[in-house]
Amino acid sequence: MLSSNFITAGKAIFTVSNGKGEHYTYKITKKEAQGNYPAAHFVSLLTGPDNTSDYTYIGMLDVLTGMVRTTAKSRLQRDSKPVRVINWTLGLVWSGADLPEGYNLQHEGRCGRCGRALTVPESIASGLGPECAGKIG
């Protein structure tokens, strides 16, 4: 299963599916701290056919708890299914629990930090390339 290190690396794109044909693809991007503003992780949902640009803003990720909170600019309500799904999934990731049988969580084959294609089996499993994994710790 993917780790919180992958999720918070800065360019994470992953899909949650339930085995019944339902799935949601999320993108979590990190904005580095600037001046008085701390680092922030922004969460979006793929809502159109172009998987590079058709993302809709959901909210911000709390890196301590793994929970996504909606904000005034959120395009989805806190109780919408995609928001409930990501909070349920990230709750499992942050607690180290496995997904129930039939559910799947997978990255898109690119490093969650730098976005390069992954080729090493260990990197494919973790979602982080060897250099980026070393930088994250």
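Refer to the structure presented above.
Predicted model only: the values in this text are computed from it and were never measured.

Caption draft 1: Summary view of the overall build of the protein chain. Scanning the protein chain for helices and strands turns up 4 helices and 6 strands. For the protein chain, the N- to C-terminal ordering of α and β elements is α-β-β-β-β-β-α-β-α-α. Rg of the C-alpha trace for the protein chain: 14 Å, near the compact-globule value of 14 Å for 137 residues, within the 12% margin. Projected onto its principal axes, the C-alpha positions of the protein chain cover 45 × 40 × 30 Å. A total of 137 residues make up the protein chain; the buried ones form 35% of that total. A separation threshold of at least 6 residues defines the contact pool for the protein chain, and within that pool the share at least 24 residues apart is 36%.

Caption draft 2: Here's a closer look at the packing of aromatic side chains. The tally for this structure, following the rule as stated, stands at 4 aromatic pairs. Aromatic pair Phe14 and Tyr26: ring centres 5.8 Å apart, planes at 35°, arrangement tilted. A residue pair is termed long-range when its members are at least 10 positions apart, and Phe14 in strand β1 (residues 11–17) and Tyr26 in strand β2 (residues 23–31) qualify at 12 residues. Here Tyr26 falls in the buried class, since its relative accessible area comes to 0%. Ring centres of Phe42 and Tyr57 lie 6.4 Å apart, and the angle between their planes is 50°; this geometry places the pair in the tilted category. You can see Phe42 sitting in strand β3 (residues 40–46) and its partner Tyr57 sitting in strand β4 (residues 55–61), a full 15 residues away along the chain. A relative accessible area of 27% places Phe42 in the partly exposed class.

Caption draft 3: Focus on the sheet that holds β4. Taken together, the 6 strands give an open sheet; going across it, the order is β5-β4-β3-β2-β1-β6, and neighbouring strands pair in antiparallel fashion. Unpaired on one side and paired on the other, β5 (68–70) and β6 (104–107) mark the two borders of the sheet. Sheet twist, expressed as the average angle between the axes of neighbouring strands with direction ignored, equals 35°. Set on the sheet, helix α2 (residues 81–95) makes contact with β1, β2, β3, β4, β5 and β6; between it and β2 the angle comes to about 70°.

Caption draft 4: Representation of the pattern of salt bridges. Counted according to the given criterion, the structure contains 2 salt bridges. One salt bridge in this structure joins Lys81 and Glu22, with 3.1 Å as the shortest N-O distance. Taken together, the residues Lys81 in helix α2 and Glu22 in the loop between β1 and β2 connect sequence positions 59 residues apart. A salt bridge links Glu32 to Lys30, with the shortest nitrogen-to-oxygen separation between them at 3.8 Å. By relative accessible area, which is 51% here, Glu32 ends up exposed.

What counts, and at which threshold
- Residues numbered from 1 in each chain as written.
- Predicted model: local features only at pLDDT ≥ 70, side-chain atom pairs only at ≥ 80, totals over all residues.
- Heavy atoms only, no water.
- Helix = DSSP H or I, 4+ residues; strand = E, 2+ residues; numbered from the N terminus.
- Rg over C-alpha atoms; globule rule 2.2 N^0.38 Å.
- Buried < 20%, exposed > 50% of the residue type's maximum accessible area, 1.4 Å probe, protein only.
- Contact = heavy atoms within 4.5 Å.
- Phe/Tyr/Trp six-rings, centres within 6.5 Å; stacked < 30°, edge-to-face > 60°.
- Pairing = 2+ DSSP bridges.
- Axes fitted to C-alpha atoms, helices over the stretch in contact; angles between N-to-C directions.
- Salt bridge = Lys/Arg side-chain N within 4 Å of Asp/Glu carboxyl O.

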